[in-house]
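Each chain, written out:
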Amino acid sequence: MFLATLLLAANPVAKVPPPVTTAPRPITCSDDCISPVEAVTYASYPAPKAGIAGTFRMEVKAVGEQKGIYYLNSETDYRDRNCLTIAMPAAVIAELAEGEGLEAAEKRFKGRTIMVRGVAQRVKIAFFDDSGKPTDKYYYQVQIRIGQAAQLGPRVRQRGGVTYDGPASAQP
């Protein structure tokens, strides 16, 4: 007992290293990324109750906006049955595109290959008549809805001679 007290008196406080803050894990893809056609196919199996989670890779062929939600589409026609759509609010697209509006989003994403982490789900899209009432016509679209810029990558930026992969807000 005396020896333990003596040891504690010699070194009364154990030093704890400071907490480590890390940047979001970069989104990477080898051969295990899910393509748009695979996403559309796999998401139809558990629909409408569930979707398929994973990392998806696609070329953005079209960009759209409706009621403050921006859409990045893997096909020029968003109604194409093989189209995978990334949906995100205006705040996320503004951060990723480093500007606001459809023009900034098109400039940043159209023609580029992106990767996104999320859940691809089949969504029923209804048609509306001139008075705003839904008709009996509809189609299905597979969407990945994201709420954070860190879900979408890669975003390679050069700052201070350091290449960083991630959204602008999470840069060191």
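Residues numbered from 1 in each chain as written. Predicted model: local features only at pLDDT ≥ 70, side-chain atom pairs only at ≥ 80, totals over all residues. Heavy atoms only, no water.

Before going further, it helps to spend a moment on the overall build of the chain. In terms of regular secondary structure, the chain is built from 4 helices and 9 strands. Ordered by position in the sequence, the α and β elements of the chain form the string α-α-β-β-β-β-α-α-β-β-β-β-β. Across the 172 residues that make up the chain, the buried fraction comes to 32%. Partitioning the contacts of the chain with sequence separation of at least 6, the portion at a separation of at least 24 is 55%. Taken as a whole, the chain presents about 11200 Å² of accessible surface, with 54% of it coming from carbon and sulfur. (Helix = DSSP H or I, 4+ residues; strand = E, 2+ residues; numbered from the N terminus. Buried < 20%, exposed > 50% of the residue type's maximum accessible area, 1.4 Å probe, protein only. Contact = heavy atoms within 4.5 Å. Areas by Shrake-Rupley, 256 points an atom, 1.4 Å probe, with all protein chains shown as cover.)

Glancing now at the packing of aromatic side chains. What the rule picks out here adds up to 3 aromatic pairs. When the ring of tyrosine 138 is compared with that of tyrosine 140, the centres are 5.6 Å apart and the planes differ by 75°; the resulting orientation is edge-to-face. Positioned above the aromatic ring of tyrosine 140, the side-chain terminus of arginine 122 is 4.0 Å from the ring centre. Cation over ring: lysine 124 sits above tyrosine 138, and NZ or CZ is 4.1 Å from the ring centre. (Phe/Tyr/Trp six-rings, centres within 6.5 Å; stacked < 30°, edge-to-face > 60°. Lys NZ or Arg CZ within 6 Å of the ring centre and 35° of its normal.)

With 71% of its residues at a pLDDT of 70 or more, the chain has an overall mean of 81. Model confidence for the chain, summarised as mean pLDDT per element, is weakest for strand β9 (residues 162-165) at 38 and strongest for strand β4 (residues 84-89) at 97. (pLDDT = per-residue confidence, 0-100.)

Buried residues of helix α2 (residues 36-44): Pro36, Ala39, Val40 and Ala43, and no others. The arc enclosing the buried residues of α2, seen along the axis, measures out at 95°, which places them on a common side. Where α2 is buried, its residues contact β1 (52-59), β4, β5 (113-128) and β6 (134-145). (Arc of directions from axis to C-beta.)

In the sheet, β4 pairs with β6 via 4 bridges, with the strands oriented parallel. Counterpart to threonine 85 in the pairing with β6 is glutamine 143. Both β5 and β6 contribute to a ladder of 8 bridges, which runs antiparallel. Residue alanine 126 lies in a different strand from β6, and its bridge partner there is tyrosine 138. Taking the residues that link successive antiparallel strands as the turn, the β5-β6 hairpin has 5 residues, and the phi of glycine 132 there is positive, at about 90°. (Pairing = 2+ DSSP bridges.)

A few words on the nonpolar core. Within the largest apolar cluster, 27 residues are counted, with the highest numbers of intra-cluster contacts made by Phe56, Leu72, Ile86, Met88 and Leu152. Of all elements in the fold, only α2, β1, β3 (69-73), β4, α3 (90-97), α4 (102-109), β5 and β6 reach the threshold of two or more residues within this core. (Core = buried A, V, L, I, M, F, W, Y, C linked by side-chain atoms within 4.5 Å.)

Turning our eyes to something else, we now look at the packing of α3 against α4. Put simply, α3 and α4 touch, their axes get as near as 9 Å, and they point 50° apart. Classed by the angle they form, the pair α3 and α4 counts as oblique. The two elements α3 and α4 meet at a crossing, and its hand is left-handed. Taken together, the residues of α4 that come into contact with α3 (itself represented by Ile93, Leu96 and Ala97) are Ala104, Ala105, Arg108 and Phe109. Within the contact of α3 with α4, the residues separate by chemical class into 6 nonpolar, no polar and 1 charged. (Axes fitted to C-alpha atoms, helices over the stretch in contact; angles between N-to-C directions. Parallel < 35°, antiparallel > 145°, perpendicular 65-115°, else oblique. Left-handed = near helix turned anticlockwise from the far one by under 90°. Nonpolar A, V, L, I, M, F, W, Y, C, P; charged D, E, K, R; others polar.)

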